[in-house]
Amino acid sequence: RALICVAALAVLVLHWHSCLFLLVPVKVGDELDADTKERMRQHMEMLQEHMTLFLLEIEKMERERPWHSSIQTVLLSVLLRWQFWFCIGILVFSFWYLWRVLKSIQEPDSSSDEESSSSDSSSSDDDNQGRALPNPNDANDLADYVAQRIYWPLPNPTIIRHQVLEVVEGLLDIYGSVVQKTFFPELQSAIGVGSAFEGWSPHEENIVYCLLIPMTAPRGHSFHIELGNEGDLLARNSSIRVELECTCEIKQASEDMLCFLHHSEKELEKQKPSLLDTLCTDSYLDAEKTAKWFQNFVKSAWVLTPQSQVYNVKVLPSTRSCMFQMTSATKRNITIEIIFGVQQGDSDIFLSSQRTEAILTPSTTWPQSCAVAEMKFIQHITTEAWFHTLHLKCMQVFARMLVGTSISTYFIKTVIMHLLTIIPLEMWHRDDFLLRLDDIVRYLQCCLEEKRLNHFFFGNEMIPDVIVLPPAFQFSGPVNLFEYLEEDTYAYTRMLEELQELHCRLARLMIFGQ
């Protein structure tokens, strides 16, 4: 369109100059003759006619081809953009080629350095049980990445554990002042046990803080432990026999106490009943009566505790323990379970009121429990390892993955305790996270294939000295936790299938972090 306008303007100027040339007066005397004037008039009319036709032709072309100018504009824009990106592409290609050249120059030096470093570290590989050390730029970063992706904060804040201990100790202080003139069992300081106090609870909500309260016999009474059948795992059929003792020659703190053995029934009516008449069945301490008795105590004594100003308490149904829930004004819940135990000698093994896996457990049955010993072992490892708490992380991860399976968390806990005494503690670092997870699964798989997983506290020479065990535990042979799989084929097949599913869950956990 611009070219047409320029051409039209040029023609117009040319004709304008022609008109000026024709309009220049020619002197032939004083006036032009008539013929000259007539030619000039005709020429002017002809020029005007040509100009009018030319303008009409231009307008007709504009109406017939309005897209011509638009195409020119688009082509010009595309041309400019193509040139721009072509220049950018040339620059990028130049930098890439220069980088390849520099890299090819440095590769021989780096490879020689790697060869020398590998030869220098060959001796350290032998010290690492034949396992090749992971590349710090590859495996360690991957382990750290996975540990971050599946990081779950340990759900047992120290402040809550201390708060729970304060609540229970407050109840025990009230108990000591209330029952000092009675003949109920004497209760010692509570010991936090289980996953909540060990630091690997699989539940972030509805955590149950379990505490074991050791009991000793009251005045004029004695406890005698009767273990279950030999060979029975943890003596599940154990019981506690209660006997009366003579107090005639013993100077009592309370001068009005009568001897249960040498005073008549009429005289004994003046003092509180003996333990045999309250919490026993056929001379044996009754776990269900003991739990019910302490539940009633918590209901009545709660108003005397300082926490009653902040929390409301609700005693939950339980046959062999005292379980209650504290609820704050903000609807925050803390669930506490108290189990009772009698220490076996001076060891860390107790006969406890905790429920067993049996469908029907007699109320006078107090099975052996290693809960305190396990807590002391985990606490010892955490102290020795300083900031290396990877074992807690591993137990928490597997506890979550085992939900919905028949594989008990206690099996995983036993496996990890065995590995903690086999693998040096310095190798339980965050960088070793993937290796330790793999070790746990492989160890469990080998045990399942052999149908043998040894109990940690029986016949194990690797137990730290801080754990005090009865002589029967120390000199006993290994006790197989998988012994039941020898006869239960269905349970064995199911556990094998669930172990394969555990492999898949672990893979998904590493990839997706959940």
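Conventions and cut-offs
- Residues numbered from 1 in each chain as written.
- Predicted model: local features only at pLDDT ≥ 70, side-chain atom pairs only at ≥ 80, totals over all residues.
- Heavy atoms only, no water.
- UniProt positions renumbered as here; feature names shortened; annotations may be inferred.
- Helix = DSSP H or I, 4+ residues; strand = E, 2+ residues; numbered from the N terminus.
- Buried < 20%, exposed > 50% of the residue type's maximum accessible area, 1.4 Å probe, protein only.
- Contact = heavy atoms within 4.5 Å.
- Areas by Shrake-Rupley, 256 points an atom, 1.4 Å probe, with all protein chains shown as cover.
- Pairing = 2+ DSSP bridges.
- Core = buried A, V, L, I, M, F, W, Y, C linked by side-chain atoms within 4.5 Å.
- Expected span 1.5 Å × (residues − 1).
- Polar contact = N/O pair within 3.5 Å; in protein donor to acceptor, adjacent residues only side chain to side chain.
- Axes fitted to C-alpha atoms, helices over the stretch in contact; angles between N-to-C directions.
- Parallel < 35°, antiparallel > 145°, perpendicular 65-115°, else oblique.
- Nonpolar A, V, L, I, M, F, W, Y, C, P; charged D, E, K, R; others polar.
- Salt bridge = Lys/Arg side-chain N within 4 Å of Asp/Glu carboxyl O.
- pLDDT = per-residue confidence, 0-100.
- Lys, Arg positive; Asp, Glu negative; His and termini not counted.
- Phe/Tyr/Trp six-rings, centres within 6.5 Å; stacked < 30°, edge-to-face > 60°.

- An unreviewed UniProt entry lists the protein chain under the name Mab-21-like HhH/H2TH-like domain-containing protein, with Anas zonorhyncha given as the organism.
- Under the Subcellular location (unreviewed entry) heading, UniProt states for the protein chain: "Membrane".

## Things to note about the overall build of the protein chain
Then, in step 1: A count of helical and extended segments in the protein chain gives 15 helices and twelve strands.
Then, in step 2: Looking at the 514 residues of the protein chain, the share that counts as buried comes to 39%.
Then, in step 3: Contacts in the protein chain between residues at least 24 apart in sequence constitute 65% of all its contacts with a sequence separation of at least 6.
Then, in step 4: When the accessible area of the protein chain is evaluated, it comes to approximately 31300 Å², of which 57% is carbon and sulfur surface.

## Some thoughts on the pairing of strand β9 (residues 322–328)
Then, in step 1: Among the seven residues of β9, five are classified as buried, and the element is accordingly described as predominantly covered.
Then, in step 2: Turn length for the strand β8 (residues 311–316)-β9 hairpin, with the two strands adjacent in sequence and antiparallel, is five residues.
Then, in step 3: Where β9 meets strand β10 (residues 333–343), six bridges bridge the pair, whose relative direction is antiparallel. Paired with methionine 326 across the two strands is isoleucine 334, which belongs to β10.

## Re the environment of isoleucine 378
Then, in step 1: Summarising the element assignment, isoleucine 378 is placed in helix α10 (residues 371–384).
Then, in step 2: For the pair isoleucine 378 and methionine 417, spaced 39 residues apart in sequence, the C-alpha to C-alpha distance is 8.2 Å.
Then, in step 3: Setting aside residues no more than four positions away along its own chain, isoleucine 378 makes contact with Glu198, His391, Leu392, Met395 and Met417.

## Concerning the nonpolar core
Then, in step 1: By size, the foremost hydrophobic cluster in this structure holds 55 residues, and its most contacted members are Phe457 and Phe482.
Then, in step 2: Secondary structure elements with two or more residues in this core: α10, α11 (390–401), α12 (409–422), α13 (433–450) and α15 (489–512).
Then, in step 3: Not counting the four nearest positions on each side in its chain, phenylalanine 482 is found in contact with Phe411, Leu444, Cys447, Leu448, Lys451, Arg452, Leu453 and Met495.
Then, in step 4: With 45 residues, the next largest nonpolar core counts Leu187, Phe197, Phe297 and Tyr311 among its residues.

## Considering α11
Then, in step 1: Taking 1.5 Å as the rise per residue, α11 with twelve residues should run 16 Å; its terminal C-alpha atoms sit 17 Å apart, in good agreement.
Then, in step 2: For α11, the buried fraction is high: eleven of the twelve residues fall into the buried class.

## Thoughts on the side chain of serine 369
Then, in step 1: Within the secondary structure layout, serine 369 lies in strand β12 (residues 368–369).
Then, in step 2: There is a polar contact of 3.2 Å between the side chain of serine 369 and the backbone nitrogen of alanine 371.
Then, in step 3: Dropping the residues within four chain positions of it, serine 369 is found in contact with Asp348, Ile349, Phe350, Ser352 and Gln354.

## Observations concerning the packing of α10 against α11
Then, in step 1: Two numbers describe how α10 lies on α11: the axes approach to 9 Å, and their chain directions differ by 130°. Taken together, the axes of α10 and α11 are oblique relative to one another. Here Ile378, Ile381 and Thr382 of α10 come into contact with α11, specifically with His391, Leu392 and Met395.
Then, in step 2: For the contact of α10 with α11, the residue count by class is four nonpolar, two polar and no charged.

## Quick notes on unusual backbone geometry
Then, in step 1: Although it is not a glycine, lysine 331 sits at a positive phi angle of roughly 65°.
Then, in step 2: Lysine 331 sits in the exposed class, given a relative accessible area of 67%.

## Considering the pattern of salt bridges
Then, in step 1: In the structure shown here, the tally under the stated rule is nine salt bridges.
Then, in step 2: The salt bridge involving glutamate 198 is made with lysine 413; its shortest N-O contact spans 2.9 Å. With glutamate 198 in helix α7 (residues 195–198) and lysine 413 in helix α12, this pair connects stretches of sequence that are 215 residues apart. You'll find glutamate 198 and lysine 413 in the same group, each marked buried.
Then, in step 3: With a shortest N-O distance of 3.6 Å, arginine 505 and glutamate 501 are connected by a salt bridge.

## A few points about helix α9 (residues 287–301)
Then, in step 1: Across its 15 residues, α9 extends 21 Å between first and last C-alpha, which sits within 8% of the 21 Å expected from 1.5 Å per residue.
Then, in step 2: Within α9, the full set of buried residues consists of Ala287, Thr290, Ala291, Trp293, Phe294, Gln295, Phe297, Val298 and Ala301.

## A short note on the confidence of the model for the protein chain
Then, in step 1: Of all residues in the protein chain, 65% attain a pLDDT of 70 or more, and the chain-wide mean is 77.
Then, in step 2: Within the protein chain, no element has a lower average pLDDT than helix α4 (residues 122–127), which sits at 41, and none a higher one than strand β7 (residues 284–285), at 97.
Then, in step 3: pLDDT under 50 marks residues 1–32. Its contacts with residues more than four places away, or in other chains, come to 19 contacts.
Then, in step 4: Under a pLDDT of 50 for its full length, residues 151–156 has, in the predicted model, 25 contacts with residues more than four places off or in other chains.

## A closer look at the side chain of aspartate 286
Then, in step 1: Considering the arrangement of structural elements, one finds aspartate 286 in the loop between β7 and α9.
Then, in step 2: Buried within the structure, aspartate 286 lacks any salt-bridge partner; lysine 289 is the closest side chain of opposite charge, at an N-O distance of 4.8 Å.
Then, in step 3: At 2.9 Å, the side chain of aspartate 286 forms a polar contact with the side chain of serine 363.
Then, in step 4: Residues contacting aspartate 286, with those up to four places away along its chain left out, are Leu279, Cys280, Thr281, Ser363, Thr364 and Trp366.

## Observations regarding the packing of aromatic side chains
Then, in step 1: On inspection of all chains with the given rule, the structure shows 14 aromatic pairs.
Then, in step 2: The interplanar angle of 10° and the centroid separation of 5.2 Å between the aromatic rings of phenylalanine 184 and tryptophan 293 together place this pair among those described as stacked. With phenylalanine 184 in the loop between α6 (158–178) and β1 (186–187) and tryptophan 293 in helix α9, this residue pair connects regions lying 109 residues apart in the sequence.
Then, in step 3: Take phenylalanine 184: its relative accessible area is 22%, and that puts it in the partly exposed class.
Then, in step 4: Pairing phenylalanine 197 with tyrosine 209 gives two aromatic rings, centres 5.9 Å apart and planes at 80°, and the pair type is edge-to-face.

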